[in-house]
Each structure stands twice: as C-alpha cells, then as structure tokens.
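# Secondary and tertiary structure notes
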Amino acid sequence: MPDSESITVQDGTIRSGSPDSAVDRVADFYGTYIDAVSDGTDDLSDRLRAHYLTEDLQQRLAAWEEANHADGVLRAQDVPTKWEVRYHDHGAGHLFVTVTLTWGTGPDAGHTRLAVQGDLSTKLISDIEDGVPTDS
C-alpha cells in the first residue's frame, strides 16, 4: 500500500469526454502525455505525439527542442504538477485552447500558459506556442 502522503485524492469531480470533441482530445493528450513523461514510460510520449500531433508540428517541436534543450510540448525541462485545458475560440477550421501548466504546489507554484491550436477536421494538434491571447 502506498504511503498516504503520496496519494492525491480528487474532490469528487467527475471527468468526462468525447472522441468527437477537439477540446477533449487536447485535454486527453496533455493528461496522458504528462503521465507518460512523469512515469518515464519508454517511448509512450513519442507514440502519443505521433497519434495526437500533426507531422508538421512534430518536426517543428523537434527543432524547438534541439534549440532550447527542453520538452517542446511542455516548454520545460521538468514535469508539471497539474494541467488545465480551456476552450478559447474557434474559426477557419481551427480550435484554440489555453493549456495552463502548474509547476510546484502551494502559494509559490508557478504557471505557464500555452496557446494550443487544433484542426477541427482531423482533431490533431497543429500548433503550440508560448503565451496566450488575452481577452479585452
């Protein structure tokens, strides 16, 4: 039995999703990807990238990672402690969501916000950028 301090207990929140929802697909990707990276699961993160990301984005991430020596999906060298995906907008066949990554816990936890674009027709993630558009 694991030590009780190492178990994170959810507050009863029900999670649901649909394979038809482009937003759910982004959330599914980030949740599973972070688990795979955190667990150090062999090549699962690469297989997830191949399944959820466009080939063009995979190539751009590889170049970004070589230049920045960090994980391009997370834009960091570490693994976040939490993640959140929020719908932002859609148009011209694309979906725009904000992914918020939390680093650490408590009042000193840091946050990174990423602007993630998905293609509505394929439901593949086609772009990840630092920062997010702000609402006026």
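Placed above this text is the structure.
The following paragraphs examine the structure supplied in this document. This structure is a prediction, so every number in the text was calculated from the model and none was measured. (Residues numbered from 1 in each chain as written. Predicted model: local features only at pLDDT ≥ 70, side-chain atom pairs only at ≥ 80, totals over all residues. Heavy atoms only, no water.)

Taken as a whole, the second largest pocket spans an internal volume of roughly 280 Å³. In terms of lining, the second largest pocket is formed by 13 residues, of which the most central are Arg15, Ser16, Ala27, Asp28 and Trp83. Top contributing element to the lining of the second largest pocket by residue count: helix α1 (residues 22-39), with 6 residues. Partitioned by chemical class, the residues of the lining of the second largest pocket number 4 nonpolar, 6 polar and 3 charged. (1 Å grid on protein atoms, 1.4 Å probe; cavity = no way out; pocket = protein on both sides within 12 Å on 5 of 7 lines; lining within 4 Å. Points joined across faces, edges and corners; volume = space filled by probe spheres on them. Helix = DSSP H or I, 4+ residues; strand = E, 2+ residues; numbered from the N terminus. Nonpolar A, V, L, I, M, F, W, Y, C, P; charged D, E, K, R; others polar.)

Taking 1.5 Å of rise per residue, 14 residues should cover 20 Å, and helix α3 (residues 55-68) covers 20 Å from first to last C-alpha, within 8% of that figure. Turning to α3, its buried residues are Leu57, Leu61 and Glu65. Looking straight down α3, one finds that the buried residues subtend no more than 75° of arc, so they occupy a single side. The outward face of α3, more than 90 degrees from its buried face, is lined by the exposed residues Glu55, Gln59, Glu66 and Ala67. Looking at the buried side of α3, the elements it contacts are α2 (44-52) and β4 (125-130). Once α3 ends, the next one or two residues include His69, with phi positive near 50°. (Expected span 1.5 Å × (residues − 1). Buried < 20%, exposed > 50% of the residue type's maximum accessible area, 1.4 Å probe, protein only. Arc of directions from axis to C-beta. Contact = heavy atoms within 4.5 Å.)

Here we come to the packing of aromatic side chains. Overall, the coordinates contain 3 aromatic pairs when judged by the stated rule. On the basis of an interplanar angle of 80° and a centroid distance of 5.3 Å, the ring pair of Phe29 and Tyr30 is categorised as edge-to-face. Tyr30 matches Phe29 in its accessibility class, with the two residues each being buried. Three or more aromatic residues joined by ring pairs form one cluster here, namely Phe29, Tyr30, Tyr33 and Tyr52. The ring of Trp64 has Arg75 lying over it, and the distance from NZ or CZ to the ring centre is 4.5 Å. (Phe/Tyr/Trp six-rings, centres within 6.5 Å; stacked < 30°, edge-to-face > 60°. Lys NZ or Arg CZ within 6 Å of the ring centre and 35° of its normal.)

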